[in-house]
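Below, each chain spelled out in residue letters.
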Amino acid sequence: MALRQTYLSMKGKLPPGAEAVIVIRGRGNDELAPSKELLDEFNAWKAKHTPDAGYPTAFHFAWDKTHYERRFREHILGNPKAVDRLRDLAERAKTRDVFLICFEGEGKPCHRHLLLQIARDEVGATIDPSPLV
């Protein structure tokens, strides 16, 4: 049993007894989603990407230009409600797999991966970062 991650189109393939926690803004768990400000800035940078920018995708370009990882970590760690929510999910993951779910498919940096790292480092969660296949 562990805290795990996957993306929305895989939700129907969760193992029996697993819990799904949608971490997409506006879906009930906003304390674990990126801030609106960060999302807006990220999307603006994605729109500025050109193929010759030196990044494999517009997503990677925007992730780098917005300092997404640092800012998202600060956003979560600066919010006691978010840390408490991660603590609660880590506790539930002791008896069943709990999946953090958002839109992004595998192969891209994503806030759900950061949430797993934060949960492991800050609240001692047992995590399984491997993708659901």
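Structure first, text after, so check above.
What counts and how
- Residues numbered from 1 in each chain as written.
- Predicted model: local features only at pLDDT ≥ 70, side-chain atom pairs only at ≥ 80, totals over all residues.
- Heavy atoms only, no water.
- Axes fitted to C-alpha atoms, helices over the stretch in contact; angles between N-to-C directions.
- Helix = DSSP H or I, 4+ residues; strand = E, 2+ residues; numbered from the N terminus.
- Parallel < 35°, antiparallel > 145°, perpendicular 65-115°, else oblique.
- Left-handed = near helix turned anticlockwise from the far one by under 90°.
- Contact = heavy atoms within 4.5 Å.
- Nonpolar A, V, L, I, M, F, W, Y, C, P; charged D, E, K, R; others polar.
- Buried < 20%, exposed > 50% of the residue type's maximum accessible area, 1.4 Å probe, protein only.
- Pairing = 2+ DSSP bridges.
- Salt bridge = Lys/Arg side-chain N within 4 Å of Asp/Glu carboxyl O.

Notes on the packing of helix α1 (residues 36–48) against helix α2 (residues 58–65)
Look at α1 against α2: their axes get within 8 Å of each other, and the N-to-C directions meet at 130°. Considering their axes alone, α1 and α2 lie oblique with respect to each other. Remark: the crossing between α1 and α2 carries right-handed chirality. Taken together, the residues of α2 that come into contact with α1 (itself represented by F42, W45, K46 and K48) are A58, F59, F61, A62, W63 and K65. A per-class count over the contact of α1 with α2 returns seven nonpolar, no polar and three charged.

Points about the pairing of strand β1 (residues 3–7)
Burial analysis of β1 places four of its five residues in the buried class, which makes it a mostly covered element. Looking at chain direction, β1 and strand β3 (residues 98–102) are connected through five bridges and run parallel. The partner of R4 across the bridge, within β3, is F99.

Description of the pattern of salt bridges
With the rule as written, the count across this model stands at 18 salt bridges. Note that R4 is salt-bridged to D97, the shortest N-O span being 3.7 Å. With R4 in strand β1 and D97 in the loop between α4 (80–92) and β3, this residue pair connects regions lying 93 residues apart in the sequence. In this structure, E31 engages R85 in a salt bridge whose closest nitrogen and oxygen atoms are separated by 3.2 Å. Of this pair, E31 sits in the loop between β2 (19–22) and α1 while R85 is found in helix α4, placing the two residues 54 residues apart along the sequence. Residue class for E31 comes out buried when judged on its relative accessible area of 13%. Taken together, the shared-partner salt bridges connect E19, E31, R85, D88, R92 and R96 into one network.

A closer look at unusual backbone geometry
We note that H67 has phi near 55°; this positive angle belongs to a residue other than glycine. In this structure, H67 sits in the loop between α2 and α3 (68–77). A residue is classified by how much of its surface remains accessible, and H67, at 47% relative accessible area, is partly exposed.

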